[in-house]
Amino acid sequence: TGTASGKTLCYNLPVLHHLLTNAPARAFYLFPTKALAHDQADQLSTTIPSAPHMPAPIPIATYDGDTPTSARPAIRSQARLILSTPDMLHTAILPHHAKWSEFLGQLRFVVIDEMHVYRGVFGSHVANVLRRLKRVAHFYGANPQFILTSATITNPTELAERLIEE
């Protein structure tokens, strides 16, 4: 769909609803750049507290190379929605999956925004990282639903199926 057409709402609304109604559930949002992840986190931080009838705020966090080492354990244990990049998933999360067992065991959604970026060699790499994520999540008892979005691609179904192998 086109830029500014509401893609973010299309995945935020069901994911946030599920997080609000299922206390242990976790979600992971992947963006091609950490700047985009931070922009989305800022938007969520202003949207979530203003939601009417919210029983408690949903702890969200960005997790990237700029995340202080001292903050990382708290993010792993407390955040229910983490925004990051495929590279961070590859280098800092999956190799240390035992530290992420609680989060990964409750992982219900993986959102991959701007999927059109993940083509060619880089797309192949990201597909392998997602394969590892699925395998590790299954190891901890989770079977997350993948949600992929793109504003500028003519074959979204084909690319999505290749990326997540479903």
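These figures come from a predicted structure and were not determined experimentally. (Residues numbered from 1 in each chain as written. Predicted model: local features only at pLDDT ≥ 70, side-chain atom pairs only at ≥ 80, totals over all residues. Heavy atoms only, no water.)

## Points about the nonpolar core
Counting 35 residues, the largest nonpolar core has Ile112 and Leu163 as the members making the most contacts within it. Mapped by element, the contributors of at least two residues to this core are β1 (26–30), α4 (86–93), α5 (101–105), β4 (107–112), α6 (120–139), β5 (145–148) and α7 (156–164). Filtering out sequence-adjacent residues up to four positions away, Leu163 remains in contact with Met115, Tyr118, Gly123, Val126, Ala127, Leu130 and Leu148. (Core = buried A, V, L, I, M, F, W, Y, C linked by side-chain atoms within 4.5 Å. Buried < 20%, exposed > 50% of the residue type's maximum accessible area, 1.4 Å probe, protein only. Helix = DSSP H or I, 4+ residues; strand = E, 2+ residues; numbered from the N terminus. Contact = heavy atoms within 4.5 Å.)

## Brief notes about unusual backbone geometry
Unlike most non-glycine residues, Glu114 shows phi in positive territory, near 60°. Along the polypeptide, Glu114 turns up in the loop between β4 and α6. Look at Glu165: it is not a glycine, yet its phi comes out positive at around 55°. Residue class for Glu165 comes out partly exposed when judged on its relative accessible area of 44%.

## Focus on the environment of His97
Within the secondary structure, His97 sits in the loop between α4 and α5. Separated by 40 residues in sequence, His97 and Ala137 have C-alpha atoms that sit 9.1 Å apart.

## Here's the deal with the environment of Leu81
Of note, Leu81 is situated in strand β3 (residues 81–84). Judged by its relative accessible area of 0%, Leu81 is buried. Separated by 54 residues in sequence, Leu81 and Ala27 place their C-alpha atoms 4.7 Å apart. Each residue touching Leu81, except ones within four places of it in the same chain, is listed here: Leu16, Leu19, Ala27, Tyr29, Leu44, Pro59, Ile60 and Ala61.

## Examining α7
Burial in α7 covers these residues: Leu159, Ala160, Leu163 and Ile164. Seen from one end, α7 has its buried residues packed into an arc of 110°, which puts them on one side. Turned more than 90 degrees away from the buried face of α7 sit Thr157 and Arg162, all of them exposed. Lining the buried residues of α7 we find β4, α6 and β5. (Arc of directions from axis to C-beta.)

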